[in-house]
Each structure stands twice: as C-alpha cells, then as structure tokens.
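A closer look at the structure
Given next are the chains, with one letter for each unit.
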Amino acid sequence: MGGEPTMMAQLNRRRFLIGSAAVVGGVATGYGTRVLGGQSILPEAKAQYPVHRAAHQSFLSGVAIRPDQIETGSGLPSGLLDPYDLIVPEYHGQWSAIEYEPGKRWFDNFDRIVAYAQSRDAMVRGHALIWENMTPNWVRTGLSETGGWSLVHNHFDAMLSRYRDSVPEWVVVNECVDTEDGVDDMRQTSFQRAFGNGYVERAFRTAREMAPNARLMVNEYGLEYDNPVDEARRDALLRLVERLKAANVPLDVVGLQAHLDLSKGRLATKAIAAFCRELAAMDVDIAVTELDVLEHDRSGSIDTRDRRVADEAQAYLDAVLHQPRVRSVATWGLSDRDSWLQERSPSTKSAASCSPVDCTTMNRGLPYDGEFAPKPMASVVDGAILSTRMRIA
Ligand code: G3I
C-alpha cells in the first residue's frame, strides 16, 4: 500500500473526476444549452455569451474567489482551480466594493475575476446586486428620498450593461428573509423601509429589463437545520418564491447558501429534500451557492475533525443533489486560509493570518486546508458533483 498520494496525484484525480463527467451523456442544463457527449449544442443557448465550458456541463462545480488569491505568488497551486466551471466573486461584485462613494465606480477587481473566468472558459455568477450588508451608506440614506429607486436603477444599469456578455447569472437580492425581526418575514433593510416588501419584485423586474437573457437569483442562508428558526426560514422563502412566481416575476434560480454549522445540531435532511422539491415545482432552478462548514469543537484530532466536516457536507449534499433542478454546487472559498469563517474567533483569525498559517487552529471547513492540501471534504464535494453529473446525464 503506497503512502499518502501526493497532492499532485490527488489533484490529477480531481481533474479526472470532474473532467470525465463532462463527457457523460447529454441533458438540458439550466444554462439554456443542451450537451451531448460533452459537445454543447447551442441553439437554445444565450448565443451572445461566449461559449463557456459551463455550456458543456450539465451541472456546475463552483468556487468563490478574490483577486488576490489568483495572482502570481498567492500560493495557489497551479491547476487547483482547473476543474471549476463556475467562478463567483466572494466580495468584489458587491455594491460597496464597486461604488463605495457616489459616482466613483471601481470595476477593476470584478473585471479581473471575470477575465480570469473567461480565460478558463468558466461561467461567472454576479454576486450580489442588492445585499443590505454591502449597501454603501450614501445609498441607504438616498433610498428613502424622493426618487430613491433611481439609485437602484443606476447601479443595476452600470453592472448589468458592463457585464452583459460575460456574466450570465446574477444574485439580484441576497438575504432578504427574516422570520425573527422582519416585517411579514421579510428583513427590515433600507430597501424594505423605503419601498416596502415589494422592492424584491421591483428589483427582479428592473434586472430583467436590463438583462433580458440573464438568469436571476434570490439567495438565502439559514435553511439547513432541524430547528424552529431554520424551519420558519424555509417556509418563508417558499412563500416568497410562490408570491414572486404567481406575479410572473422573472425569478430563475433560488440560491441555498449552505453555510453549515456543527453547533446547530441535526441537519433537517428530509425537510431540505422536500423544500427543494417544492421549489422545483414552482419552476425555479436551485443552486448550492456558498457551501462551507463552521466547526464547533476543534479540540479533536485533525482526522476526526476533517471527517466530521466531510460527513456534514456529505449529508447535506445527499439531501439536496438528489432533488430536481439542482444545477450547481459552489464552495465559499477553496482553502481554509481564505475562509471568512476564520473571522468568527480571534484564535482562528490569527491562525489564518500568521506565517506560516496554523492549519490546525483555524476552522477546517473548506475542501483544502491552509496549505492547499485536499481534505476529505474535497473528495465529498468532487464525488457529489461527479455522481450528480452521471445521474442526470
Ligand atoms: O479588500 C479589502 C482590503 O483591501 C482591505 O485592506 C481589508 C481591510 O478592511 O478589507 C478588504 O475587504 C474585505 C473583503 O471581505 C475582502 O476580503 C471587507 O472588509 C470584508 O467586509 C469582506 O467580507 C466579505 C463579506 O461577505 C462582506 O462582503 C467576506 O469576505 C465574504 O466571505 C462574505 O460573504 C458573504 C456572502 O456575500 C453572503 N452570504 C454570507 C457570506 C459570509 O458573510
């Protein structure tokens, strides 16, 4: 029995796993294309978009990245991103990152991510046109003034026209549900206060007007566990989607963020599966958009911890990926060193920022550890994507 396979060997295995699925059969994909034997047939595709490798995939494998992570010298092993056919800007597509001050738009970082994705024939998901947390303060105050919607209109116009030919899918509204402090289960945001809960519908219609062929998504968190809050959030999101679809609002995709959390007890696997089936029945596609795992007890051995993380991801993906119309899985980062989860405690934050990084102390909730070594979670995600592609081919 040989030793632990080298990272390159595991990387090549990953490439094989993901790549080999690309030539399996043909299906209609959520991206308006049909693939047969890996060759895309594009008549239904949105021809104005460059032919993405995504067009050859019946199911996309995604990752969120930042520009600094793809620069030379970033430490990212070459080839590690090769198998991914969906790239999501982790931060640099947010309103605050684009136009922190009125009239001063800064597209460079988003442009770099888009160019990177295009260089590897991967699809880009724009993230996110509206998210309260990343709404500049000058916008928050301006929304409530007369004609405040023009701020939204102008932002959408700037983003959707600039990336019309390179970004075929957008998170239009991120995290708008709140069953604890919301108004009719909708989060009290500066948009909600200025325009009422109808701002969600208005946002989608505005986006459709400017991007007739883009796929438009609402994206939510806190939908995974067997507890009253997550259950209420699942119900509230179903009712929101039902209302939007009943009003013929151009909603194409529902994003399930899937920030798993080992302190939250048992995954509601049956309820998640039923939830996805109900969404699919409302004629929307489903995307797992931000998969990662927050550990609760980091005292055990690395093997024990990594197994626990991998098992949680496996259980979640098993519940979701067997449901209809699930089109992609994206992890919210590649390596633990870049995970937002390290910000959750001083010890994990310092573990990720020291040099060399402390792979043990940091949260181990992504496919690769702080030195880009693959963990059991990488095999779980790869395997889930491969088996889904084989199954739906
Ligand atoms: O790029 C700047 C850098 O130049 C500056 O020196 C540094 C210090 O302030 O900030 C850097 O920007 C940070 C950015 O991440 C990139 O690292 C922002 O301050 C920080 O607020 C931002 O946090 C992101 C957060 O969303 C807010 O946009 C996280 O990386 C990102 O993982 C997180 O992602 C969200 C999803 O969008 C929605 N779902 C929840 C998820 C986790 O909160």
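None of these values were measured; they are calculated from a predicted model.

Neighbouring residues of the ligand: 14 residues in total, closest E90, H127, E175, E290 and W332. Interatomic distance of 2.9 Å between a side-chain N/O atom of W332 and an oxygen atom of the ligand. Isolated, the ligand exposes 790 Å² of accessible area, and the fraction of that covered by the protein chains is 55%. By residue class, the composition of the shell around the ligand is five nonpolar, five polar and four charged.

Further remarks concern the confidence of the model for the chain. Predicted coordinates in regions of low pLDDT should not be interpreted in detail. For the chain, per-residue confidence averages 89 on the pLDDT scale, and 85% of positions sit at 70 or higher. Across residues 18-56, where pLDDT falls below 50, the model places 99 contacts with residues more than four positions away in sequence or in other chains.

Another point: helix α12 (residues 346-353). Three or more residues of α12 are buried, namely T348, A351 and A352. Along the axis of α12, the buried residues cluster in a sector spanning 95 degrees; they form a single face. With respect to the buried face of α12, the exposed residues turned more than 90 degrees away are P346 and S353.

This part covers the pattern of salt bridges. Per the counting criterion, the structure on display carries 28 salt bridges. R233 is the partner of E220 in a salt bridge, and the nearest nitrogen-oxygen pair spans 2.7 Å. Of this pair, E220 sits in strand β7 (residues 215-220) while R233 is found in helix α9 (residues 228-246), placing the two residues 13 residues apart along the sequence. R233 shares its class with E220; the two are buried.

The interhelical angle for the contact between α9 and helix α10 (residues 269-281), taken along N-to-C directions, is 5 degrees, at an axis separation of 10 Å. The orientation of α9 relative to α10 falls into the category roughly parallel. Here α9 contributes R234, L237, L238 and V241 to the contact with α10, which in turn contributes A271, F275, E278 and L279.

Burial analysis of strand β10 (residues 285-294) places 10 of its 10 residues in the buried class, which makes it a mostly covered element. Across three bridges, strand β9 (residues 259-261) lies against β10 in parallel orientation. Its bridge partner being in β10, D261 is matched across the sheet by L294. Across four bridges, the pairing between β10 and strand β11 (residues 326-331) is parallel. Bridged to I286 within β11 is V326. Running through helix α11 (residues 302-321), the crossover from β10 to the neighbouring parallel element β11 is right-handed.

In this section: the packing of aromatic side chains. Counted by the stated rule, this structure contains seven aromatic pairs. With a centroid separation of 4.4 Å and 20 degrees between ring planes, the pair formed by F110 and Y163 is classed as stacked. Residue F110 is located in helix α4 (residues 108-119), and its partner Y163 is located in the loop between α6 (149-162) and β6 (169-174); the two are separated by 53 residues in the primary sequence. According to the relative accessible area criterion, F110 is buried, its value standing at 0%. Between the aromatic rings of Y163 and W170, the centroid separation amounts to 6.4 Å while the plane-to-plane angle is 50 degrees, which identifies the pairing as tilted.

Turning next to the pairing of strand β3 (residues 60-65). Of all six residues making up β3, six are buried, and the element is well covered by its neighbours. Taking every second residue as pointing to the same face, both faces of β3 are buried, with L60, G62 and A64 on one and S61, V63 and I65 on the other. Inspection of the sheet shows β3 paired to β11 by four bridges, in the parallel sense. Of the residues in β11, the one forming a bridge with L60 is S328. Bridge analysis of β3 against strand β4 (residues 86-89) gives four bridges, and the strand direction is parallel. Residue pairing in the sheet places G62 in a bridge with L86 of β4.

Okay, the nonpolar core next. Among the nonpolar cores identified, the biggest contains 92 residues, and F156, L291 and Y316 are the most heavily contacted of them. The element best represented in this core is α11, accounting for eight residues. Here F156 is in contact with L129, I130, S161, V172, A203, T206, A207 and M210, once residues within four sequence places are set aside. Counting seven residues, the second-largest nonpolar core is a separate cluster that includes A64, L86, M123 and W332.

For helix α13 (residues 376-392), which comprises 17 residues, the first-to-last C-alpha distance of 24 Å matches the rise-based estimate of 24 Å (1.5 Å per residue) to within 8%. Looking only at α13, the buried set comprises M377, A378, V380, V381, D382, A384, I385, L386, T388 and R389.

The subject of this paragraph is unusual backbone geometry. Generally, phi is negative for residues other than glycine and the peptide bonds are trans, each holding for most cases. A cis geometry characterises the amide bond from H127 onward to A128, with omega recorded as 0 degrees. Within the secondary structure, A128 sits in strand β5 (residues 123-130). Cis geometry is adopted by the peptide bond preceding P356, which originates at S355 and carries an omega value of 0 degrees. Even without being glycine, D121 reaches a positive phi, approximately 55 degrees. With respect to the helices and strands, D121 occurs in the loop between α4 and β5. At N248, a residue that is not glycine, the phi angle is positive and equals roughly 55 degrees. Along the chain, N248 falls in the loop between α9 and β8 (253-256).

Parameters and conventions
- Residues numbered from 1 in each chain as written.
- Predicted model: local features only at pLDDT ≥ 70, side-chain atom pairs only at ≥ 80, totals over all residues.
- Heavy atoms only, no water.
- Near = heavy atom within 4 Å.
- Polar contact = N/O pair within 3.5 Å; in protein donor to acceptor, adjacent residues only side chain to side chain.
- Areas by Shrake-Rupley, 256 points an atom, 1.4 Å probe, with all protein chains shown as cover.
- Nonpolar A, V, L, I, M, F, W, Y, C, P; charged D, E, K, R; others polar.
- pLDDT = per-residue confidence, 0-100.
- Contact = heavy atoms within 4.5 Å.
- Buried < 20%, exposed > 50% of the residue type's maximum accessible area, 1.4 Å probe, protein only.
- Helix = DSSP H or I, 4+ residues; strand = E, 2+ residues; numbered from the N terminus.
- Arc of directions from axis to C-beta.
- Salt bridge = Lys/Arg side-chain N within 4 Å of Asp/Glu carboxyl O.
- Axes fitted to C-alpha atoms, helices over the stretch in contact; angles between N-to-C directions.
- Parallel < 35°, antiparallel > 145°, perpendicular 65-115°, else oblique.
- Pairing = 2+ DSSP bridges.
- Right-handed = clockwise from strand over helix to strand, strands pointing away.
- Phe/Tyr/Trp six-rings, centres within 6.5 Å; stacked < 30°, edge-to-face > 60°.
- Core = buried A, V, L, I, M, F, W, Y, C linked by side-chain atoms within 4.5 Å.
- Expected span 1.5 Å × (residues − 1).

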